[in-house]
Amino acid sequence: MTSIQQAASSPRSTPSAGDHGSLRIEDVRDGVRVMTIDRPTRRNALDHATYVALAAAIADADLEPAVRVVVLTGAGGNFTSGNDIDDFLRTPQPEPRGGTLLFGALLDARKPVIAAVEGYAVGIGVTMLLHCDLAFAGDGARFRLPFTSLGLSPEGASTYLLPRIAGDKQAAELLLLGEIFGAGAAAEAGLINRVVGQGAALTEALDRATGLTAFPAGSIEATKALLRKHRHSAVRDALADEYTVFAERLVSDDAKAAFGRFTAKA
């Protein structure tokens, strides 16, 4: 059994709404649960503890009848700057890795998940958008998929999903070159639904979430299931394949050198 399969089949934790260290969970409107990545001094970089909390919270919301829609956002004006490099350098790494847990939770979520993006969305901050049902970004948001520059390889089933929505050439440009791109380019690539005013992404996401709660829950969940049914196994396979290569790249000399340069600049 692969790590992604283990994560998907493991028992789901059931945290209550509230403060979970680096994750804030709030039921802000009837049926709408907001999960805020709360590590602003690290631009909301995701360490293992945050991954575990976020994956468990998504799974919990999926089991909670009162929750109809999940909204993901970040504190302090940023979505997430991706994996916490310092945490990455820990030895040994926990298994399954936090990203595996998060993607497993997003893949299995039956209820709509909406992302509200401001500031930086880097690495997994971009690839997780491929698994959200809707996503909105402020016009000041900046995106990047820096895997190759870090000596790594793509994750999050991005090598499968991104070509499907952006086309082969644009997917190759984003994943191979790893350049920073703006919210307009993210919308053109299909990573987000639309660009809104800077600072307005969460308001837009909450308004859309409230609109969804007005419709029958069974109809919403059935529609999401049908939208994803025919790609589900392919996404799961891509997650597992990418994880294998990513784990190999993570311990490569290229990655070690890149991480060394990154931490030296910090």
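You'll find the structure just up there.
Residues numbered from 1 in each chain as written. Predicted model: local features only at pLDDT ≥ 70, side-chain atom pairs only at ≥ 80, totals over all residues. Heavy atoms only, no water.

Caption draft 1: Structural context of the pairing of strand β2 (residues 23-29). Judged from the six bridges that link them, β2 and strand β3 (residues 32-37) form a sheet pairing that is antiparallel. Bridge pairing in β3 links R24 to T36. (Pairing = 2+ DSSP bridges. Helix = DSSP H or I, 4+ residues; strand = E, 2+ residues; numbered from the N terminus.)

Caption draft 2: Focus on the sheet that holds strand β6 (residues 120-122). Read from one edge to the other, the open sheet built from three strands follows the order β6-β8-β9, with strand pairing classed as mixed. Since the sheet does not close on itself, it has two edges, and those belong to β6 and β9 (181-182), each with one partner. As paired elements, strand β8 (residues 142-144) and β9 share two bridges and run antiparallel to each other. Counted as the bridge partner of R142 is G182 from β9.

Caption draft 3: Representation of the packing of helix α2 (residues 48-63) against helix α4 (residues 98-108) in the model. At a closest axis distance of 8 Å, the pairing of α2 and α4 adopts a crossing angle of 15 degrees. Judged by the angle between their axes, α2 and α4 are roughly parallel. Here α2 runs over α4; the crossing is left-handed. Together, H48, Y51, V52, L54, A55, I58 and D62 of α2 and G98, G99, L101, L102, A105, L106 and D108 of α4 make up the contact between the two elements. (Axes fitted to C-alpha atoms, helices over the stretch in contact; angles between N-to-C directions. Parallel < 35°, antiparallel > 145°, perpendicular 65-115°, else oblique. Left-handed = near helix turned anticlockwise from the far one by under 90°. Contact = heavy atoms within 4.5 Å.)

Caption draft 4: Looking closely at the nonpolar core. Ranked by size, the top nonpolar core spans 63 residues in total, and within it M35, L72, V117, F143, L152 and L162 carry the most contacts. Here this core takes seven residues from α2, the largest share from any one element. Counting 14 residues, the second largest nonpolar core, distinct from the first, contains V34, V71, I114 and A209. (Core = buried A, V, L, I, M, F, W, Y, C linked by side-chain atoms within 4.5 Å. Buried < 20%, exposed > 50% of the residue type's maximum accessible area, 1.4 Å probe, protein only.)

Caption draft 5: Quick peek at the environment of I114. For I114, the position within the fold is in strand β5 (residues 113-117). Spatially, the C-alpha atoms of I114 and L202 are 9.5 Å apart, while their sequence positions differ by 88 residues. Excluding anything up to four places from it in sequence, I114 contacts V69, V70, V71, L72, L134, F136, A205, R208, A209 and L212.

Caption draft 6: Representation of the side chain of S22 in the model. On the secondary structure map, S22 appears in the loop between β1 (18-19) and β2. Under the relative-accessibility criterion, S22 is labelled buried at 14%. Setting aside anything within four residues of it in sequence, one finds S22 in contact with T36, I37, D38, R39, D47 and T50.

Caption draft 7: Up close: the pairing of strand β4 (residues 69-74). β4 sits mainly inside the fold: six of its six residues count as buried. Relative to β4, β3 is paired through six bridges, and the arrangement is parallel. Considered in β4, the bridge of V32 is made with V69. Once you follow β3 into α2 and on to β4, the crossover reads as right-handed. (Right-handed = clockwise from strand over helix to strand, strands pointing away.)

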